[in-house]
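# Fold and geometry: a report
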Amino acid sequence: MGGQIILSHGSDSGPDATKVSVLAAFAESLGWTTQRPDYRSDDLPGYAGAVDPRVNRLLAAIDALDTPPVLVGSSMGAFVSGLASLQRPVAGLFLLATPSEIPGYRQAFDLSPGVPTLLYHGWQDDVCPPEGIIAFASRRRLPLLMVDDDHRLGDSVERIVEQFGLFLTQLAPSA
């Protein structure tokens, strides 16, 4: 197994956040190369103002690689990972607590059709209500794992790692 993974943290967070750190360490133990862009300066203009700078930072990271990466994102990181997949080839999308829209941003959440994707979301998410991502997954017929957790998915980290391992294994022949 192996390949490149870019993990994008959420707003009000950083590249050393729990979920992206745990997932990066797990992927590295399987032979993947990981990077975690630091979007904190991009987040200063607020949620809607952070999207384009974050997407641009992520696109630059993708452009620096030799092969299409797997994109992993949490919350705002998931949102920009999906949008980046519309502009660059990616090997897969593993997205946590994905907002279906960012208030004030010109575009709703979207991702490139045909990219292997897993959406993971908490039923109790009061930051990114689940109804939006449920509707998106339904329209696109995408796998969506709903768990009894909140936006931070703090009670689900072990299950997220398990699902991530299964997801990466499915990508292994093409990665």
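Residues numbered from 1 in each chain as written. Predicted model: local features only at pLDDT ≥ 70, side-chain atom pairs only at ≥ 80, totals over all residues. Heavy atoms only, no water.

As a further point, take the environment of Asp43. Assignment of secondary structure puts Asp43 in the loop between strand 2 (32-35) and helix 2 (47-63). For Asp43 and Gly82, which are 39 residues apart along the polypeptide, the C-alpha to C-alpha distance reads 17 Å. Contact partners of Asp43, with chain neighbours within four places excluded, come to His9, Gly10, Ser11, Asp12, Ala50 and Arg54. (Helix = DSSP H or I, 4+ residues; strand = E, 2+ residues; numbered from the N terminus. Contact = heavy atoms within 4.5 Å.)

For helix 1 (residues 18-29), spanning twelve residues, the distance from its first C-alpha to its last is 17 Å, which sits close to the expected 16 Å at 1.5 Å a residue. Along helix 1, the positions that sit buried rather than exposed are Lys19, Val20, Leu23, Ala24 and Ala27. Summarising the axial view, the buried residues of helix 1 lie within an arc of 125 degrees, below the 170-degree limit, and thus occupy one face. Of the exposed residues in helix 1, the ones pointing more than 90 degrees away from its buried face are Thr18 and Ser29. Along its buried surface, helix 1 packs onto strand 1 (3-8), strand 2, strand 3 (70-74), strand 4 (92-96) and helix 5 (157-171). (Expected span 1.5 Å × (residues − 1). Buried < 20%, exposed > 50% of the residue type's maximum accessible area, 1.4 Å probe, protein only. Arc of directions from axis to C-beta.)

Relative orientation of the contacting elements helix 1 and helix 5 amounts to 40 degrees, with a least axis distance of 10 Å. The angle between helix 1 and helix 5 places the two elements in the oblique class. For the pair helix 1 and helix 5, the sense of crossing is right-handed. Taken together, the residues of helix 5 that come into contact with helix 1 (itself represented by Lys19, Val22, Leu23, Phe26 and Ala27) are Val157, Ile160, Val161, Phe164, Gly165 and Leu168. The class makeup of the residues in the contact of helix 1 with helix 5 is nine nonpolar, one polar and one charged. (Axes fitted to C-alpha atoms, helices over the stretch in contact; angles between N-to-C directions. Parallel < 35°, antiparallel > 145°, perpendicular 65-115°, else oblique. Left-handed = near helix turned anticlockwise from the far one by under 90°. Nonpolar A, V, L, I, M, F, W, Y, C, P; charged D, E, K, R; others polar.)

Now for the pairing of strand 6 (residues 144-147). Here strand 5 (residues 117-122) pairs with strand 6 via four bridges, running parallel. Residue Leu119 lies in a different strand from strand 6, and its bridge partner there is Leu144. (Pairing = 2+ DSSP bridges.)

This paragraph deals with the sheet that holds strand 6. Spatially, six strands are ordered 2-1-3-4-5-6 in an open sheet, and the strand pairing comes out parallel. Looking along the sheet, the strands with just one partner apiece sit at the ends: strand 2 and strand 6. The sheet shows a mean angle of 15 degrees between the axes of neighbouring strands, direction not considered. Sheet topology note: the strand 1/strand 3 ladder contains four bridges and is parallel. Note on strand 3: the bridge partner recorded for Leu7 is Val72. Where helix 2 meets the sheet, it contacts strand 1, strand 2 and strand 3, and its direction lies at approximately 170 degrees from that of strand 1.

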